[in-house]
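Chain and residue survey
Spelled out from the first residue to the last, the chains are:
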Amino acid sequence: MDTNTLEGFSLKKKKYVNLFTAATAFTIVATAVAPGVTNAAYFSDIQDNTHKDAIIHLVNKGLINGYTDGTFRPNKELTNSDVVKLVGRYLEKNGYKIPSDYKSNMRFSDLSPYHDEELLQYAALLKDEGIYIHKDGRLYPREEMTRENMAVILVNTLTTIHQFDYRSYVYNKNYNRKVTDLYDAMPNARASIDVLDYYDVTVVNKLKTNDYLTRGQLAPLLDRLLDVEKEEWLNLSKAEISNNQIKLQFTEKVNLSSTTDAKKLAKHFILSNMDDKELIDLTKGELSEDGRTYVVTMDIKDLDDLDGNYLLEIKNIESKSGKTLNKYKLEFSVEHKIVKEKKRKK
């Protein structure tokens, strides 16, 4: 059994679409018999199953299917290959493109051009989007999917579709955690489990993180994931750099205070010189009277030394209304005391 958990996700591109829409045919992949039955009334093996309602709900929405023999097979364990195809098909239906080099450039060391064509396509897509990444570079296609790894994949997918850092968002929230065996999971999976816990996607006290996941168990997770909406977050509307000061204007009043404490500033702002990779000290932060603008002062006494390329990382900032600023990176250059903003990245 593979003991590595999947890696988390870093935001890469904007893409604002709803997750798990009813119009999307999100079909659980089977390896033995092709799914075909879509009417839950015909499933002969779910009548006494505890996940019956979720299965019926998702079938009626056209999100999952049963088998041609009239069964759903709720106790069938899902493999990594099954889940890669499931998520890959969903992403493709939402506008994501199969990489053209999926067959010539293997993303995983245990795949080859002779593997299932569909698996190669979606494995490349999920790897490129940062949804399925193993530290050792392998996919383990025949291995059963564990609950902790499924948590990572679900949150990676949620993050990809909404382009919102759910892990950081939940990390900064105070809430009553229901999952009592969180620390039985590998460290890389815990933040994802917290997200599923926070949004009540998982409602159990013991997740049994290392157990395998079945088709039936996946149904209520997907069903509840339908209710997870894109969070409204705080935005940075304008940034200006003048001499040794950075003026940041937010869309709402922010929970920041004026300070000369470098440690307090470092909780929200990290400035680095991209040329020599050195961190630049910040000596002062000042909030405007309207509460929307924050001016940060850099510890640079000789402005002639300011020339260069810089990266300002902004994090852990909330508005007065409780909205969170998604992790924000601002790149800018300074040439002969003339500051030019190069690029904003969310």
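Rules and cut-offs
- Along every chain, residues carry numbers that run from 1 in the direction the sequence is written.
- Selection of residues for local features in this predicted model requires a pLDDT of at least 70, selection of side-chain atom pairs for listing and counting requires 80 or more, and totals for whole chains, interfaces and linings are taken over all residues.
- The basis for the side-chain values is all heavy atoms of the structure; hydrogens and waters are excluded.
- The way it works is that DSSP assigns letters per residue, a run of H or I at least four long becomes a helix, a run of E at least two long becomes a strand, and they are numbered from the N terminus.
- Partly exposed residues are those whose accessible area sits between 20% and 50% of the maximum for their type, while under 20% is buried and over 50% is exposed, using a 1.4 Å probe and protein chains only.
- Throughout, a residue-residue contact means that at least one pair of heavy atoms, one from each residue, lies within 4.5 Å.
- Using a 1.4 Å probe, accessible areas were evaluated by the Shrake-Rupley method; residue-level cover was limited to the displayed protein chains.
- Think of each axis as a best-fit line through the C-alpha atoms, taken over the contacting stretch in the case of a helix, with angles from 0 to 180 degrees between the N-to-C directions.
- By convention, the crossing between two helices is left-handed when the near helix turns anticlockwise from the far helix through less than a right angle, and right-handed when the turn is clockwise.
- Arc definition: it is the arc formed by the directions from the helix axis to the C-beta atoms.
- Pairing between strands is defined by DSSP: at least two bridges between them are needed.
- Here the word oblique covers every angle except those under 35 degrees (roughly parallel), over 145 (roughly antiparallel) and from 65 to 115 (roughly perpendicular).
- Residue type decides the class: Asp, Glu, Lys and Arg count as charged, Ala, Val, Leu, Ile, Met, Phe, Trp, Tyr, Cys and Pro as nonpolar, and the leftover types, Gly among them, as polar.
- Between Lys or Arg on one side and Asp or Glu on the other, a salt bridge is scored when a side-chain nitrogen of the former is within 4 Å of a carboxyl oxygen of the latter.
- As a per-residue quantity, pLDDT reports the predictor's confidence and falls between 0 and 100.
- Aromatic rings from Phe, Tyr and Trp, with only the six-membered ring used for Trp, were paired whenever their centres fell within 6.5 Å, and each pair was classed as stacked if the ring planes differed by under 30 degrees, edge-to-face if by over 60, and tilted otherwise.

**Quick word on the overall build of the chain**
Looking only at helices and strands, the chain has eight helices and 11 strands in total. Counting every position in the chain, which comprises 346 residues, the buried fraction comes to 48%. In the chain, once contacts between residues fewer than 6 apart in sequence are set aside, the share between residues at least 24 apart is 72%. Accessible surface, the chain as shown: approximately 16800 Å² in total, 45% of it carbon and sulfur.

**Considerations on the packing of helix 1 (residues 52-60) against helix 7 (residues 215-225)**
For the pair helix 1 and helix 7, the least separation of the axes is 8 Å and the interaxial angle reads 65°. Crossing of helix 1 over helix 7 shows left-handed handedness. From helix 1, Ala54, Ile55, His57 and Leu58 reach across to helix 7, where they touch Gly216, Ala219, Pro220, Leu222 and Asp223.

**Some thoughts on helix 1**
Burial in helix 1 covers these residues: Ala54, Ile55, Leu58 and Val59. Buried residues of helix 1, seen end-on, are gathered within an arc of 130° and therefore sit on one face of the element. Exposed side of helix 1, more than 90 degrees from the buried face: Asp53 and Asn60 are the residues found there. Residues of helix 1 that are buried sit in contact with helix 7.

**Description of the pairing of strand 7 (residues 293-298)**
Within strand 7, six of the six residues are buried, which leaves the element mostly enclosed by the surrounding structure. Every second residue of strand 7 is oriented toward a common face, with Thr293, Val295 and Thr297 on one face and Tyr294, Val296 and Met298 on the other, all of them buried. Where strand 3 (residues 245-250) meets strand 7, five bridges bridge the pair, whose relative direction is antiparallel. Residue pairing across strands places Leu248 opposite Tyr294, the latter belonging to strand 7. Where strand 6 (residues 282-287) lies against strand 7, five bridges are found, and the strand directions are antiparallel. Paired with Leu282 across the bridge in strand 7 is Met298.

**Here we look at the packing of helix 2 (residues 80-93) against helix 3 (residues 117-128)**
Where helix 2 contacts helix 3, the two axes come as close as 8 Å, and the packing angle between them is 70°. Here helix 2 lies roughly perpendicular to helix 3, going by the angle between them. In terms of crossing hand, the pair formed by helix 2 and helix 3 is left-handed. Residue-level inspection shows Ser81, Val84, Lys85, Val87, Gly88, Arg89, Leu91 and Glu92 of helix 2 in contact with helix 3, the latter providing Glu118, Leu119, Tyr122, Ala123, Leu125 and Leu126. The residue makeup of the contact of helix 2 with helix 3, split by class, is eight nonpolar, two polar and four charged.

**Quick notes on the environment of Ile64**
By the element assignment, Ile64 lies in the loop between helix 1 and helix 2. Expressed as a C-alpha distance, the spacing of Ile64 and Ala219, which sit 155 residues apart in the sequence, is 8.3 Å.

**Focus: the sheet that holds strand 6**
Think of a sheet as strands paired side by side through backbone hydrogen bonds, with each pair either parallel or antiparallel. In space, the four strands of this open sheet follow the order 2-3-7-6, with antiparallel pairing throughout. A strand with exactly one partner marks an edge of an open sheet, and here the two such strands are strand 2 (236-242) and strand 6. When strand polarity is set aside, the average angle formed by the axes of neighbouring strands in this sheet is 15°. Two strands pair when backbone bridges link them, and strand 2 and strand 3 are joined in this way by six bridges, in the antiparallel orientation. By the bridge assignment for strand 3, Glu240 is matched with Lys247.

**A closer look at the pattern of salt bridges**
Across all of its chains, the model carries 14 salt bridges by this definition. Among the ionic pairs, Asp200 bridges to Lys178, the shortest N-O distance being 2.8 Å. Here Asp200, found in the loop between helix 6 (187-198) and helix 7, pairs with Lys178, found in the loop between helix 5 (166-171) and helix 6; they are 22 residues apart in sequence, far enough to count as distant. A single salt-bridge network, built from bridges that share partners, covers Asp101, Arg107 and Asp128.

**Some remarks on the confidence of the model for the chain**
When pLDDT is averaged across the chain, the result is 82; 82% of the residues are at 70 or more. Averaged pLDDT values for the elements of the chain fall to 48 in strand 11 (residues 338-345) and rise to 96 in strand 6. Across residues 9-35 the pLDDT falls below 50, and counting only partners more than four positions away or on other chains, this stretch makes 100 contacts in the model.

**What about the pairing of strand 3?**
Residues Ile246, Leu248 and Phe250 point to one face of strand 3 and are all buried, whereas Gln245, Lys247 and Gln249, pointing to the other face, are not buried. Linkage of strand 2 to strand 3, two consecutive antiparallel strands, is achieved through a turn of two residues, within which Asn243 is found at a positive phi near 55°.

**A closer look at the packing of aromatic side chains**
Throughout the structure, instances matching the rule amount to seven aromatic pairs. Ring centres of Phe43 and Phe72 lie 5.5 Å apart, and the angle between their planes is 50°; on these two criteria the pair is classed as tilted. Here Phe43, found in the segment before helix 1, pairs with Phe72, found in the loop between helix 1 and helix 2; they are 29 residues apart in sequence, far enough to count as distant. The exposure classification of Phe43 matches that of Phe72, with both residues buried. Aromatic ring contacts, followed pair by pair, group Tyr166, Tyr169, Tyr175, Tyr198 and Tyr199 into a single cluster.

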